Amino acid sequence: MVAAEPKEQPAKGKFKIPRGDSATIALLDEALAGRPELRRGQMFGCPGFFLGTKAVATVFGEDVTITLPPERVQALVKESGYRPFIAAGRAMSGWMLIDQEQLQRLGTDASLFDEAIAYAAAKKKGQDKKKAPAKKVAKLTAKAAKGT
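Parameters at a glance
Residues numbered from 1 in each chain as written. Predicted model: local features only at pLDDT ≥ 70, side-chain atom pairs only at ≥ 80, totals over all residues. Heavy atoms only, no water. Helix = DSSP H or I, 4+ residues; strand = E, 2+ residues; numbered from the N terminus. Buried < 20%, exposed > 50% of the residue type's maximum accessible area, 1.4 Å probe, protein only. Contact = heavy atoms within 4.5 Å. Pairing = 2+ DSSP bridges. Phe/Tyr/Trp six-rings, centres within 6.5 Å; stacked < 30°, edge-to-face > 60°. Arc of directions from axis to C-beta. Salt bridge = Lys/Arg side-chain N within 4 Å of Asp/Glu carboxyl O.

**What about the overall build of the protein chain?**
Here is step 1 of the chain: When helices and strands are counted, the protein chain shows 4 helices and 6 strands.
Here is step 2 of the chain: Starting at the N terminus and ending at the C terminus, the protein chain contains elements arranged as α-β-β-β-β-α-β-β-α-α.
Here is step 3 of the chain: Per-residue burial for the protein chain yields a buried fraction of 33% across its 148 residues.
Here is step 4 of the chain: Considering only contacts in the protein chain between residues 6 or more positions apart, those separated by 24 or more positions represent 60%.

**Describing the pairing of strand β5 (residues 82-87)**
Here is step 1 of the chain: In the sheet, β5 pairs with strand β6 (residues 90-98) via 5 bridges, with the strands oriented antiparallel. Bridging from a neighbouring strand, Tyr82 pairs with Ile98 of β6.
Here is step 2 of the chain: Hairpin connection of β5 to β6: 2 residues between the antiparallel strands, including Ala88 at a positive phi of 55°.

**Observations regarding the packing of aromatic side chains**
Here is step 1 of the chain: Here the structure, examined in full by the defined rule, presents 1 aromatic pair.
Here is step 2 of the chain: Seen from their ring centres, Phe60 and Phe85 are 5.1 Å apart, and the 75° between their planes marks the pair as edge-to-face. Note that Phe60 is positioned in strand β3 (residues 54-60) and Phe85 in strand β5, a separation of 25 residues in sequence.
Here is step 3 of the chain: A relative accessible area of 9% means that Phe85 is categorised as buried.

**Some thoughts on the side chain of Thr65**
Here is step 1 of the chain: With respect to the helices and strands, Thr65 occurs in strand β4 (residues 63-67).
Here is step 2 of the chain: Take Thr65: its relative accessible area is 1%, and that puts it in the buried class.
Here is step 3 of the chain: Discounting chain neighbours no more than four positions away, the residues touching Thr65 are Val56, Ala57, Thr58, Phe60, Phe85, Trp95, Met96 and Leu97.

**Points about helix α1 (residues 22-32)**
Here is step 1 of the chain: The set of residues buried in α1 consists of Thr24, Leu27, Leu28, Ala31 and Leu32. Projected onto a plane normal to the axis of α1, the buried residues spread over an arc of 115° and lie on a single side. Within α1, the exposed residues directed more than 90 degrees away from the buried face are Ser22 and Glu30.

**What to know about the pattern of salt bridges**
Here is step 1 of the chain: Overall, the coordinates contain 6 salt bridges when judged by the stated rule.
Here is step 2 of the chain: Between Arg35 and Glu37 there is a salt bridge; the shortest N-O distance is 3.9 Å.
Here is step 3 of the chain: Residue Arg35 is classed as buried on the basis of its relative accessible area, which comes to 17%.
Here is step 4 of the chain: Given a relative accessible area of 36%, Glu37 falls into the partly exposed group.
Here is step 5 of the chain: Taking the shortest distance from any N to any O, the salt bridge between Arg72 and Glu115 comes out at 2.7 Å. With Arg72 in helix α2 (residues 70-76) and Glu115 in helix α4 (residues 111-146), this residue pair connects regions lying 43 residues apart in the sequence.
Here is step 6 of the chain: Owing to a relative accessible area of 29%, Arg72 belongs among the partly exposed residues under this scheme.
Here is step 7 of the chain: When salt bridges that share partners are traced, they join Arg35, Glu37 and Asp114 into one network.

What follows is the structure in structure tokens.
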């Protein structure tokens, strides 16, 4: 497949978040609403689905942002219907956009969303490991401040 022409992105440093398109919201709901492990939420005002605190996919105008491993994103953006997610002139690592037509073509094929959920779960586990030492340091700092 041939990659589609990238849509115009805002100038570096300027980033406008488009309102979620109702048809795209409906398509994402159809793909993810039945997943008990996911919750609905918003990221920067964009409706989407989360695994705990980790975003899996959100509506961004007429497109959907989805999180996947960077190497998977690099492979997919070469295909039609996918492109890098660029915010404020910077490509967001581990994120890409799926256009509405491609989302419709995916239909009930959940494999890409399964990958996104697995990637979000892996990021969540990594985050949990990082937080543990910080909590311990905070506890020790508070104890030291009390003089105990």
